[in-house]
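Topology and contacts: notes
Listed below, chain by chain, are the residues.
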Amino acid sequence: MTDESTFATFFDFLPIGAYRSTVSGQMLRANPALVRLNGYSDEAELLSAVKDIANEWYVDPGRREVFLRALERDGYVRSFVSEVCRHETRERIWISENAHLVQDAQGQTLFFEGTVEDITEPMRMQASLRQSEEQLRLITSQIPGMVYVLHLAPDGKRSYRYVSPGIRDIYGLDPEAVLQDAELVARYRHPDDVWLLEQDLKEIAATPKPLGGEFRIVLPDGQVRWLLRRSSVVSSDESGQLRVGVLLDITDRKEAEAALSGSEALWRLAMDSAGDGVWDWNIETGEEFISERIRAMFGYEEGDLSSVADDLDSRTHPDDLAQMKRDRNDHFEGRTPLYRNEHRVRCKDGSWKWVLSRGVVIARDEQQRPLRMVGTHTDITDLKKAEAQHRLLEAQLREAQKLEAIGTLAGGVAHDFNNLLAVILGNLTLAREDVGPDHPAQESLNEINRASVRARHLVQQILAFSRRQTQELKQQEMQPLVQETLTMMRALLPMGVQQQSDLSAEPLLVHADATQLQQVLMNLCTNAWQSMDGRSGKIHVGLSAVAVDAEWAYRLGGMAPGDYVCLSVTDDGPGMDETTQQRIFEPFFTTKAPGDGTGLGLAVVHGIVKAHRGAIGVHSQPGKGTRFDIYLPRLSAPVSDGPNADLTKPLAAAQANKGRHVVYIDDYEAMVFLVGRLLRKRGYEVSTFTSGEDAMAWLRDDAGKVDIVVTDQNMPGISGIEVAAQVQRLRPGLRTVLITGHVSEDLLAQAAKVGVHEVMAKQDSMAELGEAIGELLDTLVP
């Protein structure tokens, strides 16, 4: 066989493409593999189709020039990789070419021969690998720390297959250095943590499993760093394990934990020193640390409370538990920046203590669920008691202000109503005198008189409630006063109601108006038997001396502590609920049927007692009766009633009135007309005026004889006091009498200062007024 035939046989059976071409790019021969590579069926078809290899085959025609230069320079080309197009289908593929020159005896190039191997798939795999490596590099560059791929042989030998650039931030090493020497990083282990590495190697050599944990390294400059390791097995075979892992620098976290631990210790110490108990709740596990201060706060000892949060929660007052959980949940869900709640906790002795609980979540998971919460308990029991006392005091103040406002209104109405009644009663007196005793109208006039007197008594009760009724305060011994009132009451009690008494034999002196105190006792006894609603029962009246301390005085409305006389009235009637007790001193409030009561009885009692600088205690429960305690300041020894005690006493009987000139001043026109008519019927010469200004103008212009000036105190324009002062300037020595519905120490002092000779309370009838003026004239006129 010739050389040419041998070449042809070899050429045709090559599994890769083979060719012979001219330097200019003309294809001379192509084996079947190259024909198939280019998408043709036989060699002739390929040779006739290919004219210019450079432009028809290479994706980059310049690759042909590079190929030819290498061939001319070296005489051969090996593994020349290019991207080409299959000549027929134009599909792009990657090829690797090998070629050499064929020359004649003179060294002239005849042609060149070469092979073409399709390396598209390996090239794609390399591209994919490069892409994966690039993606891995990009991913690991974003991960804080060192990402690695490690092969661990059965004999324990380690070799790194991949190390991310993050190793520079941890160890200060290049990835290439660690790839060459796997033991390099192990040399940085902290001496105290070397045993951890040895233990881990033994464990994973026995059983491939995930690894985790924390350890320290020491850098060349002596700096210590904490690392967190996590690694997992990717594959395992006879050659060993392939593991993927990550190392994270947790030095900052460890230092923060150490600082937090130190600050928490200081915080707990500070809170304990300030009196606050400290708690630390692991919400995830339910465990809770509570300080010794908290246990002591509730009277518990070591071991009495478990380390579970539910233990202390179970001692929370049932009425406070729901709100406590709502406040916690509001903080857990971020609606409030801090947890704050006030609730009661049951102590070891069974009592309840109020605590202010404050806390904050200091750790949450990735879903923002709370993991850990710390806080304090502050004992606010005394504060709560003070708040309750403050609310009680505010309620008492509002009640006092309400009663004061009602009293002012009632007093004003009663004053005007009293003037109307005075006119009615005065004209009634004159009418009865005018018609004579035997006139048929006397019967009707008598009925009018009775009705008017009853109305007057009602007005007096209103004035007593508003504390505008004239008081005559004197030293009174309480036993005779109470005994006299009980004697009168016996005749009024209905059948079946028994009256009992227990009066102290010790003399009990008070400074009081006897008539008003009798009214207080009668009103309380009347209220007691009326509450029995026709049933039999008992009324017990007690009188004793008591020493009231500060706390007792506070509960009674804030009166001064000291010695008091206590007058108590107790019944075994139906009693009262709390709501009724809060309203019993309101004027016109009554539990009786319409028409059976005015609702003023207890309001009058309240007004009189307050005017005597006393207090009232009420003790009652439904079905268990009621007790009223009246406290009045006790006098330790008899004292003088003062120089003005007898100013309003009735004077001697009137004498003849003829020739006596009376000036009467009152802004109420009906009263002026009535008094003028009454006094004239009594024989007086009367000059009447409806204002102080008119009276003073008359005095300045008229030089006639005047025996006495009688003036009302409360008038628009100038008052009675001002009238008296001007009278003394105009007519020095002229007697002046002041009439008022409310005689007070302050008014008596003012009257004495301007020269008023008498301060007189308004009389109950016009007849009494005429008699009083007559007595004054008899006493004052020489």
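Residues numbered from 1 in each chain as written. Predicted model: local features only at pLDDT ≥ 70, side-chain atom pairs only at ≥ 80, totals over all residues. Heavy atoms only, no water.

1. A short note on the overall build of the chain
- For the chain, the count of helices and strands is 25 helices and 27 strands.
- Counting every position in the chain, which comprises 782 residues, the buried fraction comes to 42%.
- Partitioning the intrachain contacts of the chain with sequence separation of at least 6 by distance along the chain shows that 59% fall at a separation of at least 24.
- When the accessible surface of the chain is totalled, it reaches about 41,700 Å², and 53% of it is carbon and sulfur. (Helix = DSSP H or I, 4+ residues; strand = E, 2+ residues; numbered from the N terminus. Buried < 20%, exposed > 50% of the residue type's maximum accessible area, 1.4 Å probe, protein only. Contact = heavy atoms within 4.5 Å. Areas by Shrake-Rupley, 256 points an atom, 1.4 Å probe, with all protein chains shown as cover.)

2. Focus on the pairing of strand β10 (residues 240-249)
- Judged from the seven bridges that link them, strand β6 (residues 146-152) and β10 form a sheet pairing that is antiparallel. Residue pairing for β10: Leu 150 is matched across the bridge by Arg 243.
- Linking strand β9 (residues 224-237) to β10, which pair antiparallel, is a turn of two residues. (Pairing = 2+ DSSP bridges.)

3. A few points about the sheet that holds strand β8 (residues 211-218)
- In spatial order, the strands read β7-β6-β10-β9-β8; together these five strands make up an open sheet with antiparallel pairing. Edge strands, defined here as strands with exactly one partner in the open sheet, are β7 (158-163) and β8. On average, adjacent strands in this sheet sit at an angle of 30° to one another, irrespective of strand direction.
- Contacts from helix α9 (residues 194-206) reach β6, β7, β8, β9 and β10, with the element oriented near 150° to β8. (Axes fitted to C-alpha atoms, helices over the stretch in contact; angles between N-to-C directions.)

4. Considering the side chain of Arg 86
- With respect to the helices and strands, the residue Arg 86 is situated in the loop between β3 (76-85) and β4 (92-103).
- With sequence-adjacent residues up to four places away left out, Arg 86 is seen in contact with Arg 36, Leu 37, Asn 38, Glu 91, Ile 93 and Asp 118.

5. Some thoughts on the sheet that holds strand β11 (residues 277-282)
- Across the sheet, five strands lie side by side as β12-β11-β15-β14-β13; this open sheet has antiparallel pairing. Taken across any chain shown, the strands that pair with only one partner, and hence form the sheet edges, are β12 (288-290) and β13 (339-346). Averaged over all pairs of adjacent strands, the angle between their axes in this sheet comes to 25°, without regard to strand direction.
- Here strand β14 (residues 352-364) runs beside strand β15 (residues 370-379); their pairing, made up of nine bridges, is antiparallel.

6. Side note on the nonpolar core
- If you look at the biggest cluster of nonpolar residues, it comprises 36 residues, and the most contacted ones within it are Met 478 and Ile 630.
- Those elements that provide at least two residues to this core are α16 (478-490), β18 (509-512), α17 (514-531), β19 (537-548), β20 (562-571), α20 (601-611) and β22 (626-635).
- Among the elements that make up this core, the one with the highest residue count is α17 (seven residues).
- Leave out the neighbours within four places in its chain, and Met 478 touches Leu 508, Val 510, Leu 517, Leu 543, Val 565 and Leu 632.
- Core analysis: the next-biggest nonpolar cluster, separate from the first, contains 24 residues, Tyr 40, Tyr 58, Val 84 and Ala 99 among them. (Core = buried A, V, L, I, M, F, W, Y, C linked by side-chain atoms within 4.5 Å.)

7. Observations concerning unusual backbone geometry
- The residue Gln 368 is not glycine, and still its phi comes out positive at about 65°.
- With phi around 60°, Arg 613 is a residue other than glycine that occupies positive phi space.
- Locating Arg 613 in the fold gives a position in the loop between α20 and β21 (615-620).

8. Focus: the pattern of salt bridges
- Summed over the entire model, instances satisfying the criterion amount to 36 salt bridges.
- Across the pair Glu 203 and Lys 209 runs a salt bridge, and its minimum N-O distance is 3.3 Å.
- Among the residues examined, Glu 203 registers a relative accessible area of 31% and is labelled partly exposed.
- A residue is classified by how much of its surface remains accessible, and Lys 209, at 33% relative accessible area, is partly exposed.
- When the shortest N-O distance is used, the salt bridge between Glu 292 and Arg 295 registers 2.8 Å. Of this pair, Glu 292 and Arg 295 are both found in helix α11 (residues 292-297), three residues apart, which corresponds to roughly one turn of the helix.
- Its relative accessible area of 12% is what places Arg 295 among the buried residues. (Salt bridge = Lys/Arg side-chain N within 4 Å of Asp/Glu carboxyl O.)

9. What about the environment of Leu 197?
- Here Leu 197 is to be found in helix α9.
- When its relative accessible area of 15% is taken as the criterion, Leu 197 is described as buried.
- Considering only alpha carbons, one finds Leu 197 and Ala 186, eleven residues apart in sequence, at a separation of 8.4 Å.

10. Some details on the packing of aromatic side chains
- Counting across every chain of the model gives nine aromatic pairs.
- Note on Phe 689 and Trp 698: the rings are 5.5 Å apart at their centroids and 50° apart in plane angle, and the pair reads as tilted.
- By the ring-pair criterion, three or more aromatic residues cluster together here, those being Tyr 19, Phe 67, Phe 80 and Phe 112.
- A cation over an aromatic ring shows up here: Lys 254 above the ring of Trp 226, its NZ or CZ 4.7 Å from the ring centre.
- Here the guanidinium or amino end of Lys 384 rests over the ring plane of Trp 354, the centre of that ring lying 4.5 Å away. (Phe/Tyr/Trp six-rings, centres within 6.5 Å; stacked < 30°, edge-to-face > 60°. Lys NZ or Arg CZ within 6 Å of the ring centre and 35° of its normal.)

11. A closer look at the confidence of the model for the chain
- Here the chain averages 82 in pLDDT, and 84% of its residues register 70 or above.
- Per-residue pLDDT, averaged within each element of the chain, yields its smallest value for helix α10 (residues 251-273) (64) and its largest for β13 (94).
- Scored below 50 in pLDDT, residues 640-655 shows 26 contacts in the model against residues more than four places distant or in partner chains. (pLDDT = per-residue confidence, 0-100.)

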